[in-house]
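Next come the chains, spelled out residue by residue.
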Amino acid sequence: MNHELPFESYLISVARPIKITAQKEREQIIREQYYNLFKIPSPKVMIDMLTDSGTGAISNEQLAGIIVGDESYAGSVSFEKMKRAINDITGFNFIIPTHQGRGAENVLHSAIVKDGDVVPGNTHFDTTKAHIEFRRATAVDCTIDESKETSNEHPFRGNLDLKKLEAVFLKTPKEKIPFTLITITCNSGGGQPVSLSNILAVKKLCKKYNIRLFFDMARFAENAYFIKTREKEYQSWPILDICREMFKDADGATMSAKKDAIVAMGGFVALKDEELYQKCATYSILFEGYLTYGGMTGGTMEALAIGLYETTDFHYLQSRITQVHKLGRLIKECGIPLIEPVGGHAVYVDAGKMLPHIPHAQYPAQVLAVALYVKGGIRGVEIGTVLADRDPFTHQERFQDHELLRLAVPRRTFTDNHMAYVASVLGEINKEKDKLKGLKIIWEPPILRHFTCRFAEVD
Ligand code: F0G
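Structure report, in brief. (Residues numbered from 1 in each chain as written. Predicted model: local features only at pLDDT ≥ 70, side-chain atom pairs only at ≥ 80, totals over all residues. Heavy atoms only, no water.)

## Quick word on the site of the ligand
Right, on to step 1. Close to the ligand lie 16 residues, the nearest being T51, R102, D216, S256 and K259.
Right, on to step 2. N187 is positioned with one of its side-chain polar atoms (N or O) 2.8 Å from an oxygen atom of the ligand.
Right, on to step 3. Between the ligand and R406, the relevant distance is 2.8 Å, taken from an oxygen atom to a side-chain nitrogen or oxygen of the residue.
Right, on to step 4. Examining the composition of the shell around the ligand, we find that 3 residues originate from one element, helix 4 (residues 101-112), more than from any other.
Right, on to step 5. Across the shell around the ligand, the residue classes tally to 1 nonpolar, 8 polar and 7 charged. (Near = heavy atom within 4 Å. Polar contact = N/O pair within 3.5 Å; in protein donor to acceptor, adjacent residues only side chain to side chain. Helix = DSSP H or I, 4+ residues; strand = E, 2+ residues; numbered from the N terminus. Nonpolar A, V, L, I, M, F, W, Y, C, P; charged D, E, K, R; others polar.)

Dropping the structure here:
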(Lines give C-alpha, C1' and ligand atoms only; values in the text may rest on other atoms or scores of the structure.)
Protein backbone atom coordinates (compact mmCIF):
# COMPACT_ATOMS: atom_id res chain seq x y z
CA MET A 1 0.00 0.00 0.00
CA ASN A 2 1.31 3.45 -0.83
CA HIS A 3 0.91 5.43 2.40
CA GLU A 4 1.63 8.82 0.89
CA LEU A 5 -0.89 11.14 -0.74
CA PRO A 6 0.80 13.38 -3.32
CA PHE A 7 -1.20 16.48 -2.31
CA GLU A 8 -3.02 18.03 0.67
CA SER A 9 -6.47 16.47 1.20
CA TYR A 10 -8.23 19.83 1.44
CA LEU A 11 -8.96 23.00 -0.51
CA ILE A 12 -8.34 26.29 1.25
CA SER A 13 -11.52 28.40 1.27
CA VAL A 14 -10.65 30.93 3.96
CA ALA A 15 -7.08 32.21 4.08
CA ARG A 16 -5.31 33.95 6.93
CA PRO A 17 -2.49 36.16 5.64
CA ILE A 18 0.93 35.74 7.21
CA LYS A 19 2.54 39.00 8.28
CA ILE A 20 6.07 38.98 6.97
CA THR A 21 8.71 40.15 9.44
CA ALA A 22 12.42 40.79 8.97
CA GLN A 23 15.23 39.06 10.83
CA LYS A 24 16.39 42.38 12.36
CA GLU A 25 12.91 42.95 13.83
CA ARG A 26 12.78 39.43 15.23
CA GLU A 27 16.25 39.84 16.79
CA GLN A 28 14.98 42.87 18.66
CA ILE A 29 11.70 41.21 19.72
CA ILE A 30 13.39 38.10 21.11
CA ARG A 31 15.87 40.22 23.09
CA GLU A 32 13.04 42.34 24.50
CA GLN A 33 11.16 39.17 25.47
CA TYR A 34 14.22 37.64 27.17
CA TYR A 35 14.49 34.78 24.66
CA ASN A 36 11.17 33.24 25.78
CA LEU A 37 9.04 32.28 22.76
CA PHE A 38 5.80 32.13 24.75
CA LYS A 39 6.09 35.91 25.05
CA ILE A 40 6.14 36.61 21.31
CA PRO A 41 2.89 38.15 19.97
CA SER A 42 1.45 35.81 17.32
CA PRO A 43 1.57 38.39 14.46
CA LYS A 44 5.32 38.36 14.93
CA VAL A 45 5.45 34.62 14.24
CA MET A 46 5.27 33.55 10.60
CA ILE A 47 5.03 29.75 11.00
CA ASP A 48 3.64 28.81 14.40
CA MET A 49 4.49 25.23 15.38
CA LEU A 50 4.19 25.71 19.12
CA THR A 51 1.33 23.21 19.27
CA ASP A 52 -1.18 21.23 17.21
CA SER A 53 -3.78 21.91 19.92
CA GLY A 54 -6.71 24.10 18.91
CA THR A 55 -4.76 25.38 15.92
CA GLY A 56 -6.23 23.23 13.13
CA ALA A 57 -8.39 24.68 10.36
CA ILE A 58 -12.09 23.89 10.70
CA SER A 59 -13.88 22.61 7.60
CA ASN A 60 -16.78 24.21 5.77
CA GLU A 61 -19.09 21.59 7.34
CA GLN A 62 -17.80 22.41 10.82
CA LEU A 63 -18.32 26.12 10.19
CA ALA A 64 -21.92 25.38 9.18
CA GLY A 65 -22.25 23.36 12.40
CA ILE A 66 -21.03 26.31 14.46
CA ILE A 67 -23.79 28.46 12.94
CA VAL A 68 -26.62 26.00 13.60
CA GLY A 69 -25.35 25.13 17.11
CA ASP A 70 -28.07 24.96 19.77
CA GLU A 71 -26.96 27.24 22.61
CA SER A 72 -29.66 26.14 25.08
CA TYR A 73 -28.34 25.88 28.63
CA ALA A 74 -30.03 22.51 29.15
CA GLY A 75 -31.00 19.78 26.69
CA SER A 76 -29.00 21.18 23.74
CA VAL A 77 -29.61 19.29 20.49
CA SER A 78 -25.93 19.86 19.65
CA PHE A 79 -24.92 17.95 22.77
CA GLU A 80 -27.06 15.01 21.62
CA LYS A 81 -25.39 15.09 18.24
CA MET A 82 -21.93 15.13 19.82
CA LYS A 83 -22.90 12.33 22.19
CA ARG A 84 -24.10 10.15 19.29
CA ALA A 85 -20.82 10.68 17.40
CA ILE A 86 -18.65 9.84 20.43
CA ASN A 87 -20.79 6.80 21.19
CA ASP A 88 -20.61 5.61 17.60
CA ILE A 89 -16.80 5.79 17.54
CA THR A 90 -15.93 4.69 21.08
CA GLY A 91 -18.93 2.63 22.19
CA PHE A 92 -19.08 4.59 25.48
CA ASN A 93 -22.64 5.56 26.44
CA PHE A 94 -22.15 8.26 29.05
CA ILE A 95 -20.59 11.51 27.88
CA ILE A 96 -19.59 14.57 29.91
CA PRO A 97 -18.53 17.63 27.91
CA THR A 98 -15.64 19.74 29.26
CA HIS A 99 -13.86 22.92 28.22
CA GLN A 100 -10.69 21.05 27.19
CA GLY A 101 -8.62 17.94 27.93
CA ARG A 102 -7.39 18.92 31.37
CA GLY A 103 -10.99 19.76 32.35
CA ALA A 104 -11.91 16.17 31.50
CA GLU A 105 -8.92 14.94 33.53
CA ASN A 106 -10.00 17.06 36.47
CA VAL A 107 -13.55 15.66 36.41
CA LEU A 108 -12.48 12.01 36.13
CA HIS A 109 -9.61 12.25 38.59
CA SER A 110 -11.71 14.14 41.15
CA ALA A 111 -14.09 11.18 41.12
CA ILE A 112 -11.64 8.27 41.37
CA VAL A 113 -8.01 9.25 42.11
CA LYS A 114 -7.11 9.43 45.80
CA ASP A 115 -4.11 10.08 48.01
CA GLY A 116 -1.62 7.20 47.72
CA ASP A 117 -3.08 5.78 44.50
CA VAL A 118 -1.01 4.52 41.58
CA VAL A 119 -1.91 5.12 37.92
CA PRO A 120 0.20 3.08 35.49
CA GLY A 121 0.36 4.07 31.81
CA ASN A 122 2.56 4.91 28.82
CA THR A 123 4.32 8.21 29.62
CA HIS A 124 1.38 10.25 30.91
CA PHE A 125 1.01 13.71 29.37
CA ASP A 126 2.12 16.61 31.64
CA THR A 127 -1.40 17.73 32.60
CA THR A 128 -2.47 14.15 33.30
CA LYS A 129 0.57 13.56 35.48
CA ALA A 130 -0.04 16.88 37.23
CA HIS A 131 -3.66 15.91 37.98
CA ILE A 132 -2.48 12.59 39.42
CA GLU A 133 0.29 14.18 41.51
CA PHE A 134 -1.96 17.03 42.64
CA ARG A 135 -4.02 14.33 44.38
CA ARG A 136 -0.85 12.86 45.96
CA ALA A 137 -1.05 9.80 43.73
CA THR A 138 1.75 8.45 41.52
CA ALA A 139 1.91 8.06 37.75
CA VAL A 140 4.02 5.01 36.88
CA ASP A 141 5.55 4.99 33.40
CA CYS A 142 5.31 1.50 31.89
CA THR A 143 6.32 2.37 28.31
CA ILE A 144 8.62 -0.08 26.50
CA ASP A 145 12.35 0.67 26.87
CA GLU A 146 12.70 1.37 23.13
CA SER A 147 10.86 4.67 23.72
CA LYS A 148 13.83 6.01 25.65
CA GLU A 149 16.20 5.95 22.69
CA THR A 150 15.79 8.82 20.24
CA SER A 151 16.27 6.59 17.25
CA ASN A 152 15.22 3.01 16.65
CA GLU A 153 12.96 1.34 14.14
CA HIS A 154 10.25 0.15 16.53
CA PRO A 155 6.96 0.94 14.74
CA PHE A 156 4.97 1.32 18.00
CA ARG A 157 7.18 3.17 20.44
CA GLY A 158 4.15 4.14 22.51
CA ASN A 159 3.50 0.51 23.52
CA LEU A 160 3.22 -0.50 27.15
CA ASP A 161 5.63 -3.06 28.55
CA LEU A 162 3.33 -5.80 29.86
CA LYS A 163 5.92 -7.02 32.36
CA LYS A 164 6.30 -3.54 33.87
CA LEU A 165 2.52 -3.18 34.00
CA GLU A 166 2.00 -6.57 35.64
CA ALA A 167 4.73 -5.76 38.18
CA VAL A 168 2.72 -2.67 39.21
CA PHE A 169 -0.45 -4.77 39.48
CA LEU A 170 1.35 -7.36 41.60
CA LYS A 171 2.97 -5.01 44.08
CA THR A 172 0.10 -2.52 44.53
CA PRO A 173 -3.11 -3.30 46.42
CA LYS A 174 -5.90 -3.45 43.82
CA GLU A 175 -7.95 -0.72 45.50
CA LYS A 176 -4.98 1.65 45.09
CA ILE A 177 -5.06 1.42 41.29
CA PRO A 178 -8.03 3.48 40.10
CA PHE A 179 -7.22 2.73 36.45
CA THR A 180 -4.56 2.03 33.86
CA LEU A 181 -4.17 4.75 31.23
CA ILE A 182 -3.22 4.28 27.57
CA THR A 183 -2.41 7.57 25.83
CA ILE A 184 -2.94 7.37 22.07
CA THR A 185 -0.76 8.57 20.50
CA CYS A 186 1.85 8.99 23.22
CA ASN A 187 2.57 12.72 23.03
CA SER A 188 5.30 12.85 25.68
CA GLY A 189 7.13 10.05 23.87
CA GLY A 190 7.10 11.94 20.54
CA GLY A 191 3.55 11.36 19.24
CA GLN A 192 4.30 7.63 19.05
CA PRO A 193 1.54 5.10 18.40
CA VAL A 194 0.38 2.09 20.42
CA SER A 195 -0.33 -1.08 18.43
CA LEU A 196 -3.73 -2.72 18.54
CA SER A 197 -2.18 -6.00 19.64
CA ASN A 198 -0.57 -4.16 22.56
CA ILE A 199 -3.90 -2.49 23.42
CA LEU A 200 -5.65 -5.89 23.35
CA ALA A 201 -2.93 -7.42 25.54
CA VAL A 202 -3.22 -4.56 28.08
CA LYS A 203 -7.01 -5.03 28.12
CA LYS A 204 -6.55 -8.72 28.85
CA LEU A 205 -4.11 -8.02 31.67
CA CYS A 206 -6.38 -5.36 33.19
CA LYS A 207 -9.28 -7.81 33.03
CA LYS A 208 -7.22 -10.53 34.73
CA TYR A 209 -6.41 -8.20 37.63
CA ASN A 210 -9.82 -6.52 37.55
CA ILE A 211 -8.34 -3.02 37.00
CA ARG A 212 -10.21 -0.36 35.01
CA LEU A 213 -8.75 0.71 31.66
CA PHE A 214 -9.01 4.27 30.34
CA PHE A 215 -7.69 5.99 27.25
CA ASP A 216 -6.36 9.50 26.75
CA MET A 217 -7.70 9.69 23.18
CA ALA A 218 -6.46 13.18 22.16
CA ARG A 219 -4.89 11.76 18.97
CA PHE A 220 -6.84 8.51 18.62
CA ALA A 221 -7.38 8.75 14.85
CA GLU A 222 -3.67 9.27 14.16
CA ASN A 223 -3.04 6.19 16.30
CA ALA A 224 -5.58 4.20 14.25
CA TYR A 225 -3.84 5.31 11.05
CA PHE A 226 -0.53 3.90 12.28
CA ILE A 227 -2.28 0.63 13.20
CA LYS A 228 -3.75 0.38 9.70
CA THR A 229 -0.49 1.15 7.94
CA ARG A 230 1.95 -0.70 10.21
CA GLU A 231 0.08 -3.66 11.69
CA LYS A 232 -0.50 -6.28 8.99
CA GLU A 233 -3.64 -7.85 10.50
CA TYR A 234 -5.51 -4.55 10.30
CA GLN A 235 -4.41 -3.36 6.84
CA SER A 236 -7.82 -3.93 5.32
CA TRP A 237 -9.82 -2.54 8.25
CA PRO A 238 -11.55 0.84 7.89
CA ILE A 239 -10.16 3.44 10.33
CA LEU A 240 -13.50 3.65 12.17
CA ASP A 241 -13.50 -0.10 12.81
CA ILE A 242 -9.96 0.09 14.16
CA CYS A 243 -11.08 2.89 16.51
CA ARG A 244 -14.04 0.83 17.70
CA GLU A 245 -11.76 -2.13 18.33
CA MET A 246 -9.31 0.04 20.31
CA PHE A 247 -12.01 1.23 22.70
CA LYS A 248 -14.07 -1.99 22.88
CA ASP A 249 -14.57 -3.30 26.44
CA ALA A 250 -12.52 -0.46 27.99
CA ASP A 251 -14.01 1.60 30.82
CA GLY A 252 -13.77 5.04 29.32
CA ALA A 253 -11.66 7.87 27.95
CA THR A 254 -10.80 11.52 28.32
CA MET A 255 -10.24 13.63 25.25
CA SER A 256 -8.76 16.99 24.43
CA ALA A 257 -10.90 17.65 21.35
CA LYS A 258 -8.47 20.43 20.33
CA LYS A 259 -6.35 17.77 18.66
CA ASP A 260 -8.00 15.02 16.61
CA ALA A 261 -11.55 16.44 16.76
CA ILE A 262 -10.13 19.61 15.11
CA VAL A 263 -11.93 22.23 17.20
CA ALA A 264 -10.41 25.32 18.81
CA MET A 265 -11.72 24.43 22.28
CA GLY A 266 -13.44 21.46 23.90
CA GLY A 267 -13.06 18.03 25.42
CA PHE A 268 -15.02 15.28 27.12
CA VAL A 269 -15.09 12.31 29.48
CA ALA A 270 -16.65 9.20 27.94
CA LEU A 271 -17.71 6.37 30.25
CA LYS A 272 -19.10 2.85 30.08
CA ASP A 273 -20.52 2.79 33.56
CA GLU A 274 -23.53 4.82 34.71
CA GLU A 275 -22.55 4.77 38.36
CA LEU A 276 -19.17 6.34 37.59
CA TYR A 277 -20.94 8.81 35.31
CA GLN A 278 -23.12 9.94 38.22
CA LYS A 279 -20.01 10.42 40.37
CA CYS A 280 -18.24 12.44 37.67
CA ALA A 281 -21.37 14.47 36.89
CA THR A 282 -21.18 16.22 40.27
CA TYR A 283 -17.63 17.43 39.57
CA SER A 284 -18.58 18.37 36.06
CA ILE A 285 -21.31 20.70 37.24
CA LEU A 286 -18.98 22.10 39.87
CA PHE A 287 -15.99 22.80 37.61
CA GLU A 288 -17.14 22.77 33.99
CA GLY A 289 -20.81 23.61 33.58
CA TYR A 290 -24.14 21.91 33.16
CA LEU A 291 -24.08 18.37 31.74
CA THR A 292 -25.19 19.29 28.23
CA TYR A 293 -22.52 21.91 27.52
CA GLY A 294 -19.74 21.68 30.15
CA GLY A 295 -17.67 24.66 29.01
CA MET A 296 -18.40 24.31 25.29
CA THR A 297 -20.74 26.30 23.10
CA GLY A 298 -23.47 24.48 21.17
CA GLY A 299 -21.64 25.43 17.98
CA THR A 300 -18.40 23.87 19.20
CA MET A 301 -20.22 20.64 20.12
CA GLU A 302 -21.63 20.47 16.56
CA ALA A 303 -18.17 21.09 15.10
CA LEU A 304 -16.67 18.48 17.40
CA ALA A 305 -19.19 15.84 16.26
CA ILE A 306 -18.40 16.60 12.61
CA GLY A 307 -14.64 16.79 13.30
CA LEU A 308 -14.62 13.29 14.80
CA TYR A 309 -15.76 11.86 11.46
CA GLU A 310 -13.52 14.08 9.32
CA THR A 311 -10.50 13.10 11.38
CA THR A 312 -11.19 9.37 10.85
CA ASP A 313 -11.27 9.75 7.06
CA PHE A 314 -8.38 7.69 5.70
CA HIS A 315 -7.33 10.21 3.05
CA TYR A 316 -7.35 13.07 5.51
CA LEU A 317 -5.09 11.05 7.83
CA GLN A 318 -2.89 9.97 4.95
CA SER A 319 -2.37 13.57 3.90
CA ARG A 320 -1.79 14.76 7.46
CA ILE A 321 0.74 12.13 8.45
CA THR A 322 2.45 12.41 5.05
CA GLN A 323 2.97 16.14 5.71
CA VAL A 324 4.45 15.56 9.17
CA HIS A 325 6.72 12.81 7.84
CA LYS A 326 7.77 14.91 4.86
CA LEU A 327 8.94 17.59 7.28
CA GLY A 328 10.89 14.94 9.21
CA ARG A 329 12.48 13.62 6.03
CA LEU A 330 13.53 17.08 4.84
CA ILE A 331 15.06 17.92 8.22
CA LYS A 332 16.91 14.62 8.26
CA GLU A 333 18.27 15.28 4.77
CA CYS A 334 19.98 18.36 6.23
CA GLY A 335 21.92 16.01 8.52
CA ILE A 336 19.94 17.02 11.62
CA PRO A 337 19.17 14.31 14.24
CA LEU A 338 15.56 13.71 15.26
CA ILE A 339 13.29 11.20 17.01
CA GLU A 340 12.74 8.33 14.61
CA PRO A 341 10.45 7.06 13.37
CA VAL A 342 8.65 10.43 13.28
CA GLY A 343 5.33 10.34 15.19
CA GLY A 344 1.88 11.57 14.22
CA HIS A 345 1.62 15.25 15.09
CA ALA A 346 5.11 16.68 15.36
CA VAL A 347 8.77 16.37 14.52
CA TYR A 348 11.10 16.29 17.52
CA VAL A 349 14.57 17.57 16.67
CA ASP A 350 17.34 16.25 18.91
CA ALA A 351 18.92 19.59 19.78
CA GLY A 352 21.22 18.02 22.37
CA LYS A 353 22.85 15.92 19.65
CA MET A 354 22.74 18.69 17.06
CA LEU A 355 24.47 21.22 19.33
CA PRO A 356 27.00 19.15 21.32
CA HIS A 357 28.98 22.27 22.23
CA ILE A 358 26.07 23.56 24.34
CA PRO A 359 25.75 21.75 27.71
CA HIS A 360 22.39 20.76 29.28
CA ALA A 361 22.82 23.63 31.73
CA GLN A 362 22.71 26.07 28.79
CA TYR A 363 19.51 24.61 27.31
CA PRO A 364 20.45 23.55 23.75
CA ALA A 365 16.82 23.02 22.66
CA GLN A 366 15.87 26.53 23.80
CA VAL A 367 18.93 27.86 21.95
CA LEU A 368 17.75 26.10 18.78
CA ALA A 369 14.17 27.32 19.25
CA VAL A 370 15.42 30.90 19.53
CA ALA A 371 17.67 30.53 16.48
CA LEU A 372 14.77 29.13 14.43
CA TYR A 373 12.60 32.08 15.40
CA VAL A 374 15.27 34.68 14.69
CA LYS A 375 16.34 33.20 11.37
CA GLY A 376 12.95 32.13 10.03
CA GLY A 377 10.11 33.53 12.15
CA ILE A 378 9.25 29.93 13.09
CA ARG A 379 8.06 29.05 16.61
CA GLY A 380 8.64 25.60 18.08
CA VAL A 381 8.81 24.57 21.72
CA GLU A 382 11.58 23.31 23.99
CA ILE A 383 10.95 19.85 25.42
CA GLY A 384 13.98 19.44 27.64
CA THR A 385 15.54 20.72 30.83
CA VAL A 386 13.67 24.05 30.83
CA LEU A 387 10.29 22.29 30.59
CA ALA A 388 11.34 19.65 33.14
CA ASP A 389 11.55 22.37 35.79
CA ARG A 390 13.41 22.06 39.09
CA ASP A 391 12.98 19.23 41.56
CA PRO A 392 10.25 20.46 43.94
CA PHE A 393 12.22 19.32 47.01
CA THR A 394 15.91 19.90 46.20
CA HIS A 395 15.31 22.80 43.76
CA GLN A 396 18.05 21.34 41.59
CA GLU A 397 17.72 21.37 37.80
CA ARG A 398 16.42 18.10 36.38
CA PHE A 399 18.76 17.63 33.43
CA GLN A 400 17.08 15.55 30.73
CA ASP A 401 18.58 12.71 28.70
CA HIS A 402 17.22 14.30 25.56
CA GLU A 403 17.03 18.01 24.80
CA LEU A 404 14.33 18.21 22.12
CA LEU A 405 12.78 20.91 20.00
CA ARG A 406 9.18 20.00 19.11
CA LEU A 407 7.80 21.28 15.83
CA ALA A 408 4.07 20.52 16.04
CA VAL A 409 2.07 20.54 12.83
CA PRO A 410 -1.46 21.99 13.12
CA ARG A 411 -4.12 20.11 11.14
CA ARG A 412 -5.05 21.33 7.63
CA THR A 413 -3.25 24.63 8.30
CA PHE A 414 0.03 24.54 6.40
CA THR A 415 0.97 23.43 2.92
CA ASP A 416 4.06 21.40 2.11
CA ASN A 417 5.77 24.63 1.03
CA HIS A 418 5.65 25.84 4.62
CA MET A 419 7.23 22.57 5.73
CA ALA A 420 9.98 22.86 3.10
CA TYR A 421 10.70 26.39 4.35
CA VAL A 422 10.99 25.21 7.97
CA ALA A 423 13.43 22.45 6.98
CA SER A 424 15.52 24.81 4.87
CA VAL A 425 15.84 27.33 7.73
CA LEU A 426 16.93 24.53 10.06
CA GLY A 427 19.42 23.44 7.39
CA GLU A 428 20.87 26.97 7.27
CA ILE A 429 21.17 27.05 11.06
CA ASN A 430 22.89 23.67 10.99
CA LYS A 431 25.62 25.03 8.71
CA GLU A 432 26.57 27.73 11.23
CA LYS A 433 25.56 25.94 14.40
CA ASP A 434 28.97 26.35 16.07
CA LYS A 435 28.28 30.09 16.32
CA LEU A 436 25.21 29.54 18.51
CA LYS A 437 25.67 30.58 22.13
CA GLY A 438 24.12 28.96 25.20
CA LEU A 439 21.44 30.56 27.37
CA LYS A 440 21.13 30.99 31.13
CA ILE A 441 17.99 31.63 33.17
CA ILE A 442 18.10 35.02 34.89
CA TRP A 443 14.60 34.89 36.41
CA GLU A 444 12.11 32.08 36.96
CA PRO A 445 8.84 31.53 38.84
CA PRO A 446 8.56 28.73 41.45
CA ILE A 447 6.70 26.30 39.12
CA LEU A 448 5.90 25.91 35.40
CA ARG A 449 8.88 28.10 34.64
CA HIS A 450 8.99 27.56 30.88
CA PHE A 451 6.01 29.85 30.22
CA THR A 452 7.46 32.95 31.83
CA CYS A 453 11.14 32.54 32.71
CA ARG A 454 13.70 34.99 31.37
CA PHE A 455 16.90 34.00 29.64
CA ALA A 456 20.11 35.81 28.74
CA GLU A 457 22.86 34.75 26.36
CA VAL A 458 25.93 33.18 27.93
CA ASP A 459 29.07 35.11 26.94
N1 F0G B 1 -3.53 14.72 26.83
C2 F0G B 1 -2.65 14.82 25.81
C3 F0G B 1 -2.07 13.58 25.21
C4 F0G B 1 -2.27 16.10 25.34
O5 F0G B 1 -1.39 16.19 24.33
C6 F0G B 1 -2.84 17.26 25.93
C7 F0G B 1 -2.47 18.59 25.47
C8 F0G B 1 -3.77 17.08 26.98
C9 F0G B 1 -4.09 15.80 27.41
C10 F0G B 1 -4.41 18.25 27.68
O11 F0G B 1 -5.37 18.79 26.86
O12 F0G B 1 -4.57 21.11 26.42
O13 F0G B 1 -6.92 20.42 25.95
O14 F0G B 1 -6.16 20.67 28.29
N15 F0G B 1 -1.48 18.84 24.72
C16 F0G B 1 -1.12 20.13 24.14
C17 F0G B 1 0.18 20.01 23.37
C18 F0G B 1 -1.15 21.27 25.07
O19 F0G B 1 0.68 21.07 22.90
O20 F0G B 1 0.70 18.91 23.20
P21 F0G B 1 -5.77 20.34 26.88
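There is more to say, and it comes next.
## Structural notes on unusual backbone geometry
Right, on to step 1. Along the chain, I184 connects to T185 via a cis peptide bond; the corresponding omega equals -25°.
Right, on to step 2. Its location among the elements puts T185 in the loop between strand 5 (180-183) and helix 7 (196-208).
Right, on to step 3. The phi angle at D389 is positive, at roughly 65°, despite the residue not being glycine.
Right, on to step 4. Looking at the element boundaries, D389 is found in the loop between helix 15 (385-388) and strand 12 (404-408).

## Observations concerning the sheet that holds strand 9 (residues 346-350)
Right, on to step 1. Spatial strand order, 9-12-11: 3 strands in an open sheet with antiparallel pairing. Strand pairing shows two members of the sheet lacking a second neighbour, strand 9 and strand 11 (381-383), which therefore form its edges. When the angles between neighbouring strand axes are averaged without regard to direction, this sheet yields 35°.
Right, on to step 2. Note: strand 11 against strand 12, 3 bridges, orientation antiparallel. By the bridge assignment, I383 is partnered in strand 12 with L404.
Right, on to step 3. This element, helix 12 (residues 314-333), spans strand 9 and strand 12 of the sheet and lies at about 20° to strand 9.
Right, on to step 4. Sitting on the sheet, helix 14 (residues 364-376) is in contact with strand 9, strand 11 and strand 12, with an inclination near 45° to strand 12. (Pairing = 2+ DSSP bridges. Axes fitted to C-alpha atoms, helices over the stretch in contact; angles between N-to-C directions. Contact = heavy atoms within 4.5 Å.)

## With respect to the pattern of salt bridges
Right, on to step 1. All told, the structure shown has 23 salt bridges when counted by the stated rule.
Right, on to step 2. Between D350 and K353 there is a salt bridge, with the nearest N and O atoms lying 4.0 Å from each other.
Right, on to step 3. Note on D350: relative accessible area 4%, which makes it buried.
Right, on to step 4. Taken together, the shared-partner salt bridges connect D52, R219, E222, D260, R320 and R411 into one network. (Salt bridge = Lys/Arg side-chain N within 4 Å of Asp/Glu carboxyl O. Buried < 20%, exposed > 50% of the residue type's maximum accessible area, 1.4 Å probe, protein only.)

## Focus on the nonpolar core
Right, on to step 1. Among the nonpolar cores identified, the biggest contains 60 residues, and F220 and M246 are the most heavily contacted of them.
Right, on to step 2. If you tally residues by element for this core, the top one is helix 8 (residues 220-230), at 6 residues.
Right, on to step 3. Of the residues that make up this core, three or more belong to each of domain 1 (23-52 + 313-457) and domain 2 (60-310).
Right, on to step 4. For M246, the contacting residues outside a window of four places in its chain are I184, L196, I199, K203, F215, F220, N223, A224 and I227. (Core = buried A, V, L, I, M, F, W, Y, C linked by side-chain atoms within 4.5 Å. Domains from an automatic or database assignment.)

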